[in-house]
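Spelled out from the first residue to the last, the chains are:
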Amino acid sequence: MHIAFLNQKGGVGKSTVALLVASALKSASLPVAIDDQDPQGSLSWWAQNVGQVPLMSNFPEAEVVIIDTPGHLDLDKKGIRDKFVDLIKRADRLILVTEMSPMAFHGTIPMAELIKEYKRPSAKSKLLFNKVRSNTIVGKQSQKALAAQVNISALTNFLPLASAYDLASSLGWKSVVGKDRARVVNLAMEILK
Ligand SMILES: Nc1ncnc2c1ncn2[C@@H]1O[C@H](COP(=O)(O)OP(=O)(O)OP(=O)(O)O)[C@@H](O)[C@H]1O
Ligand SMILES: [Mg+2]
């Protein structure tokens, strides 16, 4: 199963969610590998130096492949658009990672459209709310209503803004404990469903 984390917008947490989900699946003893499609290579660096998760190039028989993708994109540029169309066509799960603020959410619309146009009929596309602050006006909005705006349903599990998730990029899975860890495990299982 190929799971891609996407958003045209930068900094929403694609790589962070990718490394968290990869860690949760690895800790459940699933054969998981990383396919880093971001030329910056941050997730490849993390996989080799922090997470000890194999890259797909070293573990081609992996059953679950976590695909990280670049942000800060101009999807109107043909080369970039074509690359994403190819990627969307080969993924089984398309996870559109977004924050809840109006401006961040607005930035997710072009990728949502591209996903709906090119995903395989058997693939599933889902919205994942990340960096949620449930005690703010923005965080209290209905996730269902926001998801309806892009016509892609939201995963039941979302991730709050939490220092453990920020730390995981330098300290790894061991820094994610208790409730924070349970949330990621539940999220990973929901994505696999
Ligand atoms: N749920 C979260 N709680 C706290 N910090 C988070 C969370 N998700 C992401 N971050 C932090 O937000 C920043 C941006 O995250 P990340 O690099 O994963 O975004 P990205 O979408 O991959 O960005 P880019 O488009 O540049 O690749 C990082 O500092 C990361 O640690
Ligand atoms: Mg990234």
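Residues numbered from 1 in each chain as written. Chains lettered and ligands numbered in written order. Predicted model: local features only at pLDDT ≥ 70, side-chain atom pairs only at ≥ 80, totals over all residues. Heavy atoms only, no water.

Trainee: I keep staring at the side chain of D92 and nothing clicks. Help me out?
Mentor: For D92, the location among the structural elements is in the loop between α3 (78-90) and β4 (93-98). At 2.7 Å, the side chain of D92 and the side chain of R120 are in polar contact. In this structure D92 touches M1, H2, R120, A123 and K124, once residues within four positions along its chain are discounted. (Helix = DSSP H or I, 4+ residues; strand = E, 2+ residues; numbered from the N terminus. Polar contact = N/O pair within 3.5 Å; in protein donor to acceptor, adjacent residues only side chain to side chain. Contact = heavy atoms within 4.5 Å.)

Trainee: Hey, could you run me through the layout of surface pockets in this one?
Mentor: Over the atoms, a rolled probe matching the size of one water molecule traces out where space is still vacant. By volume, the largest pocket is sized at about 480 Å³. If you go around the largest pocket, you meet 25 residues; those closest to its centre are G11, G13, K14, S15 and T16. Sorting the residues of the lining of the largest pocket by element identifies α1 (14-27), α2 (42-51) and α7 (163-171) as the ones contributing at least two each. Looking at side-chain class alone, the lining of the largest pocket contains nine nonpolar, twelve polar and four charged residues. (1 Å grid on protein atoms, 1.4 Å probe; cavity = no way out; pocket = protein on both sides within 12 Å on 5 of 7 lines; lining within 4 Å. Points joined across faces, edges and corners; volume = space filled by probe spheres on them. Nonpolar A, V, L, I, M, F, W, Y, C, P; charged D, E, K, R; others polar.)

Trainee: Even after reading the chapter, I still don't get the packing of α1 against α2, so can you show me in this structure?
Mentor: Helix packing geometry: the angle between the two helix axes and the distance between the axes. For the pair α1 and α2, the least separation of the axes is 11 Å and the interaxial angle reads 40 degrees. As summarised for this structure, α1 and α2 are arranged oblique, according to the angle between their axes. Considering the relative orientation of α1 and α2, their crossing is right-handed. Of the residues in α2, those in contact with S15, A18, L19, S23 and K26 of α1 are L43, W46 and G51. (Axes fitted to C-alpha atoms, helices over the stretch in contact; angles between N-to-C directions. Parallel < 35°, antiparallel > 145°, perpendicular 65-115°, else oblique. Left-handed = near helix turned anticlockwise from the far one by under 90°.)

Trainee: Hey, could you run me through the sheet that holds strand β1 (residues 2-6) in this one?
Mentor: The pairing of strands in a sheet comes from backbone hydrogen bonds and takes either a parallel or an antiparallel form. Sheet architecture is open: five strands sit in the order β2-β3-β1-β4-β5, paired in parallel fashion. The two strands at the open ends of the sheet, each matched to only one other strand, are β2 (32-36) and β5 (124-129). Between one strand and the next, the sheet's axes are offset by a mean angle of 20 degrees, whatever the strand orientation. Examined bridge by bridge, β2 and strand β3 (residues 64-68) share five bridges and lie parallel to one another. (Pairing = 2+ DSSP bridges.)

Trainee: Mind showing me how you'd approach the nonpolar core here?
Mentor: Nonpolar side chains in soluble globular proteins generally cluster together in the buried interior. Residues F5, L20, V21 and I66 are the most contacted members of the largest nonpolar core, which totals 35 residues. Every element with two or more residues in this core is listed here: β1, α1, β2, α2, β3, β4, α7 and α8 (178-192). The leading source of residues in this core is α1, at eight residues. Setting aside chain neighbours within four positions, we find F5 in contact with K14, V17, A18, V21, I66, I67, D68, T69, I95, V97 and I191. (Core = buried A, V, L, I, M, F, W, Y, C linked by side-chain atoms within 4.5 Å. Buried < 20%, exposed > 50% of the residue type's maximum accessible area, 1.4 Å probe, protein only.)

Trainee: Would you mind going over the packing of aromatic side chains with me for this structure?
Mentor: For any pair of aromatic rings, the description rests on two quantities: the centre-to-centre distance and the angle between the ring planes. Enumeration according to the criterion identifies one aromatic pair in this entry. Residues F105 and F129 carry aromatic rings whose centres are separated by 6.3 Å and whose planes lie at 20 degrees to one another, so their mutual orientation is stacked. Of this pair, F105 sits in helix α4 (residues 102-106) while F129 is found in strand β5, placing the two residues 24 residues apart along the sequence. The buried category is assigned to F105, whose relative accessible area is 3%. Assessed through its relative accessible area of 1%, F129 is described here as buried. The positively charged end of R183 is found above the aromatic ring belonging to F158, 5.1 Å away from the centroid. (Phe/Tyr/Trp six-rings, centres within 6.5 Å; stacked < 30°, edge-to-face > 60°. Lys NZ or Arg CZ within 6 Å of the ring centre and 35° of its normal.)

Trainee: Which parts of the structure should I look at to understand helix α5 (residues 109-118)?
Mentor: Side chains of residues three or four places apart in an α-helix project in the same direction, reflecting 3.6 residues per turn. Of all the residues in α5, the buried ones are M111, A112, L114 and I115. All buried residues of α5 project into a common sector of 165 degrees when viewed along the axis, lining one side. In the core, the buried residues of α5 are packed alongside β1, α3, β4, β5 and α6 (143-150). (Arc of directions from axis to C-beta.)

Trainee: Help me understand the site of ligand 1 in this model?
Mentor: Near ligand 1 you find 17 residues, and of these K14, S15, T16, N130 and D166 are the closest. P160 is positioned with one of its backbone polar atoms (N or O) 2.9 Å from a nitrogen atom of ligand 1. The protein chains hide 79% of the 640 Å² of surface that ligand 1 would expose on its own. Mapping ligand 1 onto the cavity grids shows that it belongs to the largest pocket. Put simply, the parts of the chain that give the shell around ligand 1 at least two residues each are α1 and α7. In terms of residue count, the dominant contributor to the shell around ligand 1 is α1 (three residues). Split into classes, the residues belonging to the shell around ligand 1 amount to five nonpolar, eight polar and four charged. (Near = heavy atom within 4 Å. Areas by Shrake-Rupley, 256 points an atom, 1.4 Å probe, with all protein chains shown as cover. Sits in = over half its atoms within 2 Å of the grid points.)

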